[in-house]
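The residues making up each chain are set out below.
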Amino acid sequence: IIKIVGQEVEGRKIEEKITRIMDVACGSGRYLSELDSIFNQAGIEIIGIDYDTKSLKLGRSIAETYGVSERSLRFIKGNVFRLEHLKRFGVKINWRPHIVVASGLVEYLDDERTRDAFKQAYEGLDDEGMFLFVRQENNPSRKLMEKVCTTSSGAWILHYRRPAVLHRWLSDVGFREIRINTDRWGMYDMFVVRKYAISERKI
């Protein structure tokens, strides 16, 4: 994630553009602090969103150890399962991301909510923006996890989907340049997709 996002930031810095990054379900967001420190907080603004207060507190603590200020990296509590709130939040503070990152989120969403999340990410992104997410295609501990782990609404069910299915849903909402990289064990896929600028969309 650092490599791909870093390349995007570098390219925009050459064009003297600031890169705004939003990470949904960021957890403690260690990589966000690493990324911000790499660029010395120049040409980059980051917002990490998570619902867990302890994770956000840890994230702020990690940012301090990297010498990253809240001016360039902010951690905000929010329900990432209701992504429509993120769009309203961006409008409220006049802040629109060029990159949206979601690592380990879509496994927890059913088909309808996943398609809606893709739609919300598309609508919330700046033109020519990038949506990057990591998801599990398989997990050898799947049955054990679903048997042992629980949530407030019941059993912890993870949704595993083939890359072709997610590719189709992303395309349906308008994303293009869909790139998929799978690890050698066939467990994790990284999707990197792009939103067309208005002037480049097909009529």
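Notes on the structure in this doc start here. Keep in mind it's a predicted model, so treat the numbers as computed, not measured.

**Structural notes on the overall build of the protein chain**
Here comes step 1: Along its length, the protein chain carries seven helices and nine strands.
Here comes step 2: For the protein chain, long-range pairs separated by at least 24 residues make up 76% of all intrachain contacts whose partners lie at least 6 apart in sequence.
Here comes step 3: Surface exposure of the protein chain reaches about 11500 Å², of which carbon and sulfur atoms provide 50%.

**A few points about the sheet that holds strand 3 (residues 73–77)**
Here comes step 1: Spatially, the seven strands line up as an open sheet ordered 3-2-1-4-5-9-8, and their pairing is mixed. Only two strands of the sheet have a single neighbouring strand rather than two, namely strand 3 and strand 8 (175–182). On average, each strand axis in the sheet is inclined to that of its neighbour by 15°, with strand direction left out of account.
Here comes step 2: As paired strands, strand 1 (residues 19–24) and strand 2 (residues 44–50) are joined by six bridges and run parallel to one another. Note that in strand 2 the partner of isoleucine 21 across the bridge is isoleucine 46.

**A closer look at the environment of alanine 42**
Here comes step 1: As for its placement among the helices and strands, alanine 42 is situated in the loop between helix 2 (30–38) and strand 2.
Here comes step 2: Distance in space between the C-alpha atoms of alanine 42 and serine 72 is 8.4 Å, their sequence separation being 30 residues.

**Focus on helix 7 (residues 163–173)**
Here comes step 1: Looking at helix 7, one finds that the buried residues are Pro163, Leu166, Trp169 and Leu170. Burial along helix 7 is one-sided: seen end-on, the buried residues are contained in an arc of 130°. Those residues of helix 7 that are exposed and aimed more than 90 degrees away from the buried face are Ala164 and Asp172.
Here comes step 2: For helix 7, the secondary structure elements touched by its buried residues are helix 5 (111–124), strand 5 (130–136), strand 8 and strand 9 (188–195).
Here comes step 3: Downstream of helix 7 by one or two residues, glycine 174 has phi in the positive range, about 120°.

**Structural notes on the pattern of salt bridges**
Here comes step 1: A full pass over the atoms with the stated rule returns seven salt bridges.
Here comes step 2: Among the salt bridges present, the one from lysine 119 reaches glutamate 123, with a minimum N-O distance of 2.7 Å. Placement of the pair is lysine 119 and glutamate 123 together in helix 5, with a separation of four residues, close to one helical turn.
Here comes step 3: Of the residues examined, lysine 119 reaches a relative accessible area of 38% and is grouped as partly exposed.
Here comes step 4: Sharing partners across several salt bridges, the network here consists of Glu8, Glu177 and Arg194.

**Digging into the packing of helix 5 against helix 7**
Here comes step 1: Between helix 5 and helix 7, the shortest axis-to-axis distance is 9 Å and the interhelical angle comes to 45°. Here helix 7 runs oblique to helix 5, going by the angle between their axes. When you trace helix 5 past helix 7, the crossing you get is right-handed. Side by side, helix 5 and helix 7 meet where Asp111, Thr114, Arg115, Phe118, Lys119 and Tyr122 of the first sit next to Leu166, Trp169, Leu170 and Val173 of the second.
Here comes step 2: Broken down by class, the residue content of the contact of helix 5 with helix 7 amounts to six nonpolar, one polar and three charged.

About the criteria used
One numbering rule holds for all chains: residues counted from 1, following each sequence as written. In keeping with the model being predicted, local features are shown solely for residues with a pLDDT of at least 70 and side-chain atom pairs are shown and tallied solely at 80 or more, while totals for entire chains, interfaces and linings include all residues. Hydrogens and waters are ignored; side-chain quantities use all the structure's heavy atoms. Helix and strand labels come from DSSP, where a helix needs a run of H or I of at least four residues and a strand needs a run of E of at least two; each type is numbered from the N terminus. Contact definition: two residues touch when any of their heavy atoms are within 4.5 Å. Here the open area of atoms and residues is found with the Shrake-Rupley method and a 1.4 Å probe, where only the protein chains shown may cover a residue. What makes two strands pair is DSSP finding at least two bridges between them. Convention adopted: a line fitted to C-alpha atoms gives each axis, helices being fitted over their contacting stretch, and angles between N-to-C directions are expressed from 0 to 180 degrees. Only protein chains enter the calculation, and the probe is 1.4 Å; a residue is then buried if its accessible area is under 20% of its type maximum, exposed if over 50%, and partly exposed in between. It is the directions from the helix axis to the C-beta atoms whose arc is reported. By definition, a salt bridge exists where a carboxyl oxygen of Asp or Glu is found within 4 Å of a side-chain nitrogen of Lys or Arg. Here the angle decides the label: under 35 degrees means roughly parallel, over 145 means roughly antiparallel, 65 to 115 means roughly perpendicular, and every other value means oblique. Handedness of a crossing is defined here by the sense of rotation of the near helix relative to the far one, left-handed for an anticlockwise turn of less than a right angle and right-handed for a clockwise turn. Polar here means any residue outside two lists: the nonpolar Ala, Val, Leu, Ile, Met, Phe, Trp, Tyr, Cys and Pro, and the charged Asp, Glu, Lys and Arg; Gly therefore counts as polar.

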